[in-house]
Amino acid sequence: MITLEEYLDGTGAEQELKELVRLIAAQATPIREAFLTNQTYAGTTNQSGEEQAAMDTWADRHITEVLQRSGLVREVASEEQNDILKIPESHGEYAVVMDPLDGSSLIQVNLAVGTIVGIYDHGTVMQPGEKMRAALYMLYGPMTVLTLTVGEGVQIFALDNNNQYVLLEADVKMPEGNLYGSGGLRTVWTEEHARFIDTCEQEGYKLRYSGSFVADFHQILKYGGIYCYPAVVGKERGKLRLMFEANPIGFIATQAGGAICDGRMNVLTINPEKPHQKTPLYVGSKGLIEKVNGTLCT
Ligand code: AFP
């Protein structure tokens, strides 16, 4: 049995990065506990105009405070905050992007939701995803799992009854698989996207879509296939956020041998212009992402 601490100690990540990963991963326990008391909506909306669940605002405040106190982080950008939070007094050089609670509209129906985090160095979050030093997500399902990369492949840990992470799967590789899921209403899909989905269906791909990106991606990571949230008529940039959702998940996918694109280019190479920028997104098995590029770019 290998614990998260033992795994991190065996990596080439610097001491402060290991400390930061451990600190963020440890927040799964208070977040899980908070679900019991935060089941409703907060009566507020985020920068993208989405209704915030009480858990969205709680998890956002909680993780932000932990990061502020850590002394390791100079900037935090969160899906639930309008602006980038600067922490000039920090002695550390890391910058954190996060979706504190992804899929939060599913809390009230008890489906799996998660916390997505990306970590950069050089004290700024305004960097393309490929520059990330580490990315992780905690998925709160029947088990709480931590999927982590520090740039040395992808590992999945499970939180045990003593609140300790133990390695569940080492060096995860995304298979080609046959699952697909797409956001956006069919009536507003572009012709190219509809054609791509038709091909998947004709080739026997099975539909899997819960409305929680982190849960839907975890399934793709394990079984292979593709998750899409495309550009749609009237919303040419799709729905998902480049910095908080696309980049950390894309970094993990790529580390597992998969790929991510916006229909034209690798999402991880996009230079962010503003924190809440959105991007069309296709993430999954490498062969399928190549097919997306072939279908959407012709
Ligand atoms: P919430 O965190 O507000 O529930 O949004 C979830 C999300 O950003 C992502 O996790 C889902 O994949 C996507 O939205 C679902 O969007 P649709 O409801 O349009 O399918």
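The structure presented is a predicted model; accordingly, all values stated were derived computationally and were not measured.

Visitor: Can you help me understand the UniProt feature "binding site: Mg(2+) 2" (unreviewed entry) in the protein chain in this one?
Guide: According to UniProt, the positions carrying the feature "binding site: Mg(2+) 2" (unreviewed entry) are Asp 99, Asp 102 and Glu 245. A maximum C-alpha distance of 8.3 Å places the annotated residues, which cover 147 residues in sequence, within one compact spot. In this structure, the largest pocket is lined, among the annotated residues mentioned, by Asp 99, Asp 102 and Glu 245. Topologically, Asp 99 is positioned in strand S5 (residues 94-102). Excluding residues within four positions of it along the chain, Asp 99 makes contact with Glu 79, Glu 80, Gly 114, Thr 115, Ile 116, Phe 244 and Glu 245. Within the secondary structure, Glu 245 is located in helix H7 (residues 242-255). Here Glu 245 is in contact with Glu 79, Asp 99, Asp 102, Ile 116, Phe 213 and Leu 240, once residues within four sequence places are set aside.

Visitor: Explanation requested: the packing of aromatic side chains in the structure shown.
Guide: Think of a pair of aromatic rings as described by two things: how far the centres are apart, and how the planes are tilted against each other in angle. Evaluation of the coordinates by the stated rule reveals six aromatic pairs. Geometrically, the ring pair formed by Tyr 137 and Phe 217 is edge-to-face, given 6.1 Å between the ring centres and 85° between the ring planes. Of this pair, Tyr 137 sits in strand S7 (residues 134-140) while Phe 217 sits in helix H6 (residues 213-223); the two residues are 80 residues apart in sequence, bridging distant segments of the chain. The burial state of Tyr 137 is the same as that of Phe 217; both residues are buried. Where Tyr 209 meets Tyr 227, the ring centres are 5.9 Å apart and the plane angle is 15°; that geometry is what we call stacked. In this pair, Tyr 209 sits in the loop between strand S12 (206-207) and H6 while Tyr 227 sits in strand S13 (residues 225-229), placing the two residues 18 residues apart along the sequence. Residue classification places Tyr 209 among the partly exposed residues on the basis of a relative accessible area of 36%. For Tyr 227, a relative accessible area of 3% puts it in the buried group.

Conventions used here
Residues numbered from 1 in each chain as written. Predicted model: local features only at pLDDT ≥ 70, side-chain atom pairs only at ≥ 80, totals over all residues. Heavy atoms only, no water. UniProt positions renumbered as here; feature names shortened; annotations may be inferred. 1 Å grid on protein atoms, 1.4 Å probe; cavity = no way out; pocket = protein on both sides within 12 Å on 5 of 7 lines; lining within 4 Å. Helix = DSSP H or I, 4+ residues; strand = E, 2+ residues; numbered from the N terminus. Contact = heavy atoms within 4.5 Å. Phe/Tyr/Trp six-rings, centres within 6.5 Å; stacked < 30°, edge-to-face > 60°. Buried < 20%, exposed > 50% of the residue type's maximum accessible area, 1.4 Å probe, protein only.

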